[in-house]
Structures are given as C-alpha cells and as structure tokens.
Amino acid sequence: MSGQAIQPMDSYRLGQYQFPVPCYLCGKDNLFDAESCRNCAGPMNLQRYAEEDNKHRPQLIVTLGANEVGKTVYLGTLLDILSRQRGELDFMTCGASSLSMSQTTVSALARCEFPPITPKEPESWNWAHCRLQRRTRKKPLDVFFVDMAGSALLEQADHPGRYPSIGGAIGKATGTILMIDADRAGKGDKDEEFFGRKILSYLADSIQHHAPPKNRKRGLRPRQEDQPMPISIVLAKADQNEACFDNLSEFVRGHLPGVWNICQERFPLHRFFACSVVAGTVMRNTAAGERHIVPLRVEPRGVIEPFRWLAGNFAD
Amino acid sequence: MKTTWEQKLERLFGLAMVVMFIWGVSIGSVMVWGTAAATLVLMLSRLLVGFVPTKQTENLVTPPRPETRKIQVGRTRVVVPKSDSGDDASAKLIEQLIEAGRTALLCRPELAERLSPEQQQYIREILNEDMARVSGGRVRLDPPPTFGPFELGDCQWVEAESAYLDRFPVTNHQFKRFVDDGGYKDQSVWDADVFSATRTFVDQTGKPGPCFWKNSTYNQGGDDHPVVGVNWYEAQAYARWVGKRLPQDAEWVLAAGGSLGPAESISGQPKYPWGNVFDEDHANLWATDRSKTVPVTDHPDGCGSEEIYQLIGNVWEWMVDDYAGHDDLEQNFGFSRTLKSIRGGAFDTYFENHATCQFQSGENPFSRKHNIGIRCILSIDDIAPELALPIETEASEMAVCAV
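To start, this report covers the structure provided alongside it. (Residues numbered from 1 in each chain as written. Chains lettered and ligands numbered in written order. Predicted model: local features only at pLDDT ≥ 70, side-chain atom pairs only at ≥ 80, totals over all residues. Heavy atoms only, no water.)

### Some details on the side chain of Lys369 of chain B
Here is the rule we go by: Starting at the N terminus, helices and strands are each numbered in turn, a helix being any DSSP run of H or I of at least four residues and a strand any DSSP run of E of at least two. Only protein chains enter the calculation, and the probe is 1.4 Å; a residue is then buried if its accessible area is under 20% of its type maximum, exposed if over 50%, and partly exposed in between. Any pair of residues with heavy atoms lying within 4.5 Å of one another is described as a contacting pair.
Within the fold, Lys369 of chain B resides in the loop between strand 9 (360–363) and strand 10 (372–373). Residue Lys369 of chain B is classed as buried on the basis of its relative accessible area, which comes to 9%. Setting aside residues no more than four positions away along its own chain, Lys369 of chain B makes contact with Asp239, Glu242 and Arg297 of chain A together with Phe212, Val228, Gly229, Val230 and Glu363 of chain B.

### Regarding empty space enclosed by the protein
Note the following rule: A cavity here means a set of 1 Å grid points, computed over protein atoms only, where a 1.4 Å probe fits but cannot escape. A pocket is an open set with protein on both sides within 12 Å along at least 5 of 7 lines, and lining residues have an atom within 4 Å of a point. Grid points are joined across faces, edges and corners, and a volume is the space filled by probe spheres set on the points. In this count, Pro and Cys sit with the nonpolar residues alongside Ala, Val, Leu, Ile, Met, Phe, Trp and Tyr, while Asp, Glu, Lys and Arg are called charged and the others, Gly among them, polar.
Here the structure, examined in full by the defined rule, presents three cavities of 30 Å³ or more. As a volume, the largest cavity reaches approximately 50 Å³. Lining the largest cavity, in full, are Asp239, Glu242, Ser276, Val278, Ala279, Glu299 and Arg301 of chain A together with Lys369, His370 and Asn371 of chain B. Its residues assigned to classes, the lining of the largest cavity comprises two nonpolar, three polar and five charged.

### Structural notes on the interface of chain A and chain B
To keep it simple, the criterion reads: Joining two parts hides part of their accessible area as seen by a 1.4 Å probe, and the buried area is that hidden amount summed over both. Within this document, salt bridges are pairs made up of a side-chain nitrogen of Lys or Arg and a carboxyl oxygen of Asp or Glu, the two lying within 4 Å of each other. In protein, a polar contact means a hydrogen-donor-capable atom and an acceptor-capable atom, both N or O and within 3.5 Å, with residues adjacent in sequence counting only if both atoms are side-chain atoms; elsewhere, any N or O pair within 3.5 Å suffices.
Of the residues lining the interface, 28 residues belong to chain A; the matching set on chain B comes to 29 residues. Note on chain A versus chain B: buried area summed over both sides is about 2,400 Å², and carbon and sulfur give 52% of it. If you sort the residues of chain A by the area they bury against chain B, Arg84, Leu296 and Arg297 of chain A come out on top, with a joint share of 24%. At the junction of chain A and chain B, the tally comes to one salt bridge. The residue Glu363 of chain B makes a salt bridge to Arg297 of chain A at a minimum N-O spacing of 2.5 Å. For the pair chain A and chain B, the interface holds eleven residue pairs in polar contact (both at pLDDT 80 or more).

### Quick word on the sheet that holds strand 6 (residues 163–166) of chain B
Residues and elements named next belong to chain B. Where we set the bar: Whether two strands pair depends on DSSP finding at least two bridges between them. Under this scheme, a helix contributes an axis fitted over its contacting stretch, all axes are lines through C-alpha atoms, and angles between N-to-C directions fall in the 0 to 180 degree range.
Ordered in space as 3-6-11, the three strands form an open sheet in which the pairing is antiparallel. One side of each edge strand has no neighbouring strand; the edge strands of this open sheet are strand 3 (131–134) and strand 11 (377–379). If you compare each strand with its neighbour and ignore which way they point, the axes differ by 25 degrees on average. Bridge analysis of strand 6 against strand 11 gives three bridges, and the strand direction is antiparallel.

### Topic: the sheet that holds strand 7 (residues 316–322) of chain B
Residue and element names in this part refer to chain B. The strand order across the open sheet formed by four strands is 9-8-7-10, and the pairing between neighbours is mixed. Because the sheet does not close on itself, it has two edges, and the strands there are strand 9 and strand 10. Summarising the sheet, strand 7 and strand 8 (residues 340–343) pair through three bridges and their orientation is antiparallel. Among the inter-strand pairings, Asp322 is bridged to a residue of strand 8, identified as Lys340. Where helix 8 (residues 232–241) meets the sheet, its contacts fall on strand 7 and strand 8, and the angle it forms with strand 7 comes to roughly 90 degrees.

This is how it looks when you write it as structure tokens:
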C-alpha cells in the first residue's frame with residue numbers, strides 16, 4: 001500500500017459560496033453551483049452564460065399558449081427536426097438535460113401517443129439550451145427554450161406574480177412563440193380567442209414593464225435595447241383545418257379578429273404561421289377505462305418556419 | 001291682287017304637294033311593311049319548307065351521331081358504338097379503351113372473348129407491364145398502433161387471394177384521363193350516396209378534379225408524379241372507371257411483405273419490402289429530405305421481389321377497408337363516418353416505423369390530403385383465364401430472370 005496519496009484541497013472552493021449568484025430570470029440570489037433557482041426554478045446556466053458573454057444576452061424563447069394547445073409537442077418536434085437537418089440553421093443541443101424534452105416527445109409520438117401534460121410546478125418545466133450557427137453570422141447563438149404549463153400561464157396572466165419564473169422569462173425573452181389551437185378556433189370556439197388575447201395583453205404589459213431604461217449602460221449594443229421583441233403566432237393543429245394553410249391571414253381575421261387587432265396595435269414585429277405536427281387524432285380507451293387522444297401518424301408541417309423567422313429577427 | 005292664273009297655279013302646286021306627300025308616305029310604309037313581310041316570309045319558309053344550307057353553313061352541320069349502347073363491365077358501364085358488324089364495334093371499343101388507359105376492362109371475361117389473339121397478346125403484355133401478379137397467401141395484420149402495445153394474440157391472420165396490383169401509384173397523367181372523360185359526371189362509377197356531393201370535389205378553380213389542380217389539370221412537370229388531393233370516394237370512382245378496385249389491407253400487406261410460411265408465422269414478414277432495415281435511399285420519407293412527391297418510377301431499390309414501386313413512401317395509399325377496430329374509436333373529425341385505412345407512408349412521414357408493411361393509419365373518407373394517393377388492384381377472378389399469367393409461367397419466368 002502506498003503511503004502517498006494526492007488529496008485535493010477543496011477548501012478554497014468554500015469561498016465561492018460567499019458570493020451569491022443572482023438568477024437571470026428573477027434576480028434572487030443563489031449558491032454558485034445551484035442548478036436551478038431556489039425562487040423561480042429557472043436554470044442557473046442562463047446567468048452563467050450571461051456572465052461569460054456580457055456583450056450578448058442569451059436568446060431566450062418562451063412558448064406560450066393555453067392548456068393542451070400542443071406546446072410540448074411543438075417544441076420537442078422542433079428541436080428534433082433542427083437537430084436532424086443540415087441546412088441554413090446548423091443546430092446543436094447543449095447538455096444532456098436539454099434533450100429530455102425532445103426525447104419525451106419524440107418517443108411518445110413514435111408510439112402514436114402524446115407526451116404527458118406539462119405539470120404546473122415550475123421545477124418540472126422543460127428547458128433546453130441549444131447552439132445555433134447561422135450561415136450569415138460567424139458567431140454561434142446560444143438559444144434557450146422554455147416550455148411552461150398552459151394552466152400556470154393563464155393563472156399568471158390573471159394574477160401576475162404568482163409564478164415569478166413566468167414573469168422573469170417573459171421579461172427577459174428575446175423571442176416569443178404564441179400558440180393558438182386552429183382546430184378549436186375554426187370550429188368557432190371563442191375561448192381560444194380569449195386565451196390568445198389574454199396572453200398577448202399580459203405579454204404586452206410585461207414587455208413594457210421590463211423594458212430597460214434608455215440610457216442605461218449594460219454593455220449591450222443599442223439595437224438589442226431598441227428592437228421590439230419578435231413574436232411568432234403559431235396556429236397549431238392546422239391539419240384539422242386546411243384553410244389555415246391555404247389563406248392564413250384570412251383565417252385569423254375571420255376566426256380570431258381580436259388577436260389580429262391586438263397584434264397590429266401592440267406588437268410591431270409579429271407574424272402568423274400555420275403548423276401541425278400530427279395528421280389526425282382518435283380517442284383510445286385504455287385498460288383502466290380512461291380515454292386518451294392519440295395521434296394517427298406524425299407528419300410535421302410548418303414547424304421550422306416560426307423559429308426560422310424568429311432567428312432572423314434576433315437582435316444580435 | 002292675284003290673277004286667276006296665279007291662283008290656279010297655287011292650287012295646282014298645293015294639290016301636287018298633297019299628292020306627293022301621300023305618295024311618299026305610302027311608298028315608305030310599303031318599304032317598311034315590305035321588309036317586314038319579306039322577313040316573315042323568309043322565316044316561315046325556313047320553318048315550313050326547311051333550311052337550304054349554303055356552302056358556308058354546310059360545315060356547321062353536326063354529323064349524325066352513331067347510335068350507341070351501354071354494356072356492363074363489372075361495376076362500370078362502357079359505351080359501345082352500336083353496329084351490326086361486331087368486328088368494327090369491338091375494334092373501335094378496344095381502341096377507345098386502350099387509348100384511355102382502361103385496358104383492365106378488356107381483361108374482363110365479358111370483353112376478352114372479343115379480342116383477337118394479337119390483341120390478347122397485347123393486353124397480356126400491358127397487364128404484366130403495369131401490374132404485378134401477387135400470389136395468394138396468409139398474412140398477419142397487426143392492430144393499429146393507436147391501440148397501444150399488443151400481443152400476437154391480438155393480430156389477425158388473413159388469407160389473401162391472388163391478384164394483380166399496380167406496379168406504380170396512379171399518376172396525375174392517368175387521373176387526368178378520368179377527369180377529361182367526364183369521370184366526375186359518370187354516375188355509374190360513383191357510390192349512389194355521394195354522387196350528389198361530387199360537385200364539391202373540385203380543384204382550386206372550381207372545376208372537377210383533385211383539390212391541388214387548376215382548371216382540371218395538374219401543374220407542369222407533374223405527369224409522372226402520383227395524384228394526390230383525392231378523397232376515398234374519388235379514388236374508388238377512378239378505380240372503377242379504370243376497371244379495377246382499391247386493395248384490401250390483407251392484399252396490400254401481402255404485396256408489400258410477402259406471405260407467411262407455416263414456420264414463419266411469428267416474425268416472418270419483413271418490415272419493408274426490401275428487408276428489415278430502413279434505408280433512406282429506398283423510399284421517399286421525411287428522412288430522404290425531398291419534402292415533396294417524386295416521380296412514381298423513383299426508388300427502384302425499394303421494390304420487393306414483385307417489382308412494385310413505392311409501396312413504402314412518396315404517398316399514402318387508400319385501402320378499401322375501414323380503419324381497424326373502429327368500434328372502439330371515436331373520431332375527432334366531427335363526422336359520424338368511419339375512417340378509411342391508408343398504408344405505406346408518405347414523403348412527409350416523420351418516423352420510419354410509421355411507414356412499414358404493417359403500419360396502418362386512418363383518414364376521413366372525405367379528406368383530400370396532399371399526401372394520399374391511389375394504387376389499384378385487380379382480382380384474379382376478374383381477369384379472363386386466357387389473359388392471366390399462369391403461376392407456373394410466372395415462376396419459370398422468374399427463374400429465367402434469376403439465371
């Protein structure tokens with residue numbers, strides 16, 4: 001047995017605990033090695049990235065929408081498609097945990113099932129960190145996606161402050177994907193329009209509230225401060241209503257006039273998109289006597305376009 | 001004071017003026033009335049005596065149409081020129097059917113007996129060129145994946161009979177013949193309960209045709225691409241018009257995966273016509289990255305032993321059967337009708353395990369999707385025995401090819 005052994009002296013590391021690290025989303029202090037914020041449960045690597053590169057703030061894309069509109073399916077499929085293709089957007093997922101959302105979604109869809117509903121608890125929300133290399137830019141972009149529970153989102157819109165992570169994420173977001181159920185809207189369900197308007201109103205108020213003061217020096221380029229946040233309004237489940245693909249603006253004006261108006265008035269940089277991931281659904285009776293909606297097959301249409309447009313409008 | 005001469009002249013002048021006025025009026029009225037009377041006489045003469053054509057109008061006269069009669073071939077009624085000389089009529093009909101690409105109708109025993117030996121040989125060649133003979137056998141039909149995990153006990157073992165299956169999906173060019181021939185107005189090829197709805201089966205310009213066409217024609221360069229944008233009823237009407245029918249699930253699976261031997265009953269059927277391993281060069285799916293349909297002759301490596309192209313990929317294919325187990329399904333389309341089975345996957349099918357020989361999906365029979373097309377089949381019983389390729393011949397031909 002050797003008498004010599006190398007024992008690392010980690011005691012200096014204890015000093016790091018003396019310096020709290022603020023959460024990028026909510027600003028509350030955390031330990032330097034915290035994985036997620038103890039206040040809002042947001043990922044702490046957002047702050048680490050922001051500290052490393054103080055010239056570019058992380059590109060944070062929030063996906064908003066009512067319950068069961070298909071946010072998780074959309075995001076999971078988008079990330080999977082982007083990681084599979086090689087083209088104008090070279091895309092790489094960073095970190096194993098960032099793959100979880102894609103894995104859950106794609107595995108379920110391949111079995112002709114939908115992924116489980118995202119829980120209301122912020123600790124269980126899906127975050128994904130990806131690196132995007134665009135042909136027109138030399139420097140890659142670090143993009144963070146967040147998939148939040150629709151029920152929590154609507155609760156936050158009604159009672160701002162209930163979910164600090166939602167407020168923080170929307171305030172720091174550099175791009176937004178708002179999802180609206182085209183199938184329900186096409187069938188005349190007015191709830192869809194109210195959900196959309198409610199979320200857009202909340203979004204507009206949050207952006208105004210979080211807008212940085214004009215002459216504040218943060219080391220960011222002026223364009224980043226001034227440019228309005230791009231918003232992709234995605235009409236999901238458009239496979240159930242082909243009119244969405246055929247004439248989108250007419251569909252929105254006809255079925256979602258309130259959403260159309262609020263976008264024209266309050267969001268200078270927005271665009272509508274039609275999208276579908278699955279082609280048709282049916283109900284399935286499970287052995288336990290429950291009934292679930294299951295997809296008939298997976299045929300993504302219009303999934304990349306909203307993100308591609310956002311990426312083209314990032315203020316970098 | 002005027003003299004008597006002057007007075008007389010004045011009276012004469014006045015009288016002359018009156019006479020001239022009366023004469024003028026009468027002449028004018030005679031001219032008007034004369035013209036009217038002449039027109040009337042001419043019209044009456046045309047009606048009563050008959051119109052005498054001039055040289056110029058001779059060409060406008062429609063030649064007398066030959067008398068026709070309809071004969072029933074399968075479910076389709078074919079219009080035949082009525083003639084005492086049977087040879088002329090048959091020859092004309094055969095030419096018409098061949099020209100319209102409806103040679104399958106000539107394979108029917110009702111018409112095949114009228115063919116000369118040379119014509120029979122010609123039809124046999126066309127039949128074997130366009131269609132592949134799939135020998136009957138036993139196949140396993142898995143429950144649809146939407147039912148969740150299953151065990152072998154949940155599968156169905158079905159006997160499928162021998163048939164001729166199209167080697168290629170139906171192309172735009174082939175479907176246009178149906179449209180041009182007035183297929184959308186031919187009641188005999190449509191189901192009675194949907195015939196009234198055919199006026200809604202229109203293209204983007206409101207004319208009869210698949211929903212992505214314009215002015216009853218397809219986009220330039222789409223000749224050999226599979227026809228899409230047709231619903232199940234249009235697919236069935238086309239199949240009837242051309243003298244065929246839509247395949248059953250078991251027939252399609254048999255053609256794609258082959259028959260189960262007695263020792264292969266558990267896992268004998270391959271996942272794809274070419275084997276069990278997916279190859280993106282063998283089929284047009286999402287992974288192939290084409291993002292649209294390709295000509296029906298592409299991907300020859302994806303054919304199985306029967307040389308049937310694109311059973312997997314490019315476009316889904318309508319089956320005649322309902323989507324399995326529809327009793328347990330409540331459709332999410334707002335219709336009370338059952339879903340119809342589709343198989344094979346399409347250019348935008350994301351997962352390769354959704355485009356296997358066994359995978360079944362469903363679609364509303366009224367849907368006119370951008371990725372669902374048609375492939376037809378012909379039962380062996382519908383082919384005159386003298387035209388069908390005997391199994392022995394087929395086997396020996398295959399052996400010669402192998403050598």
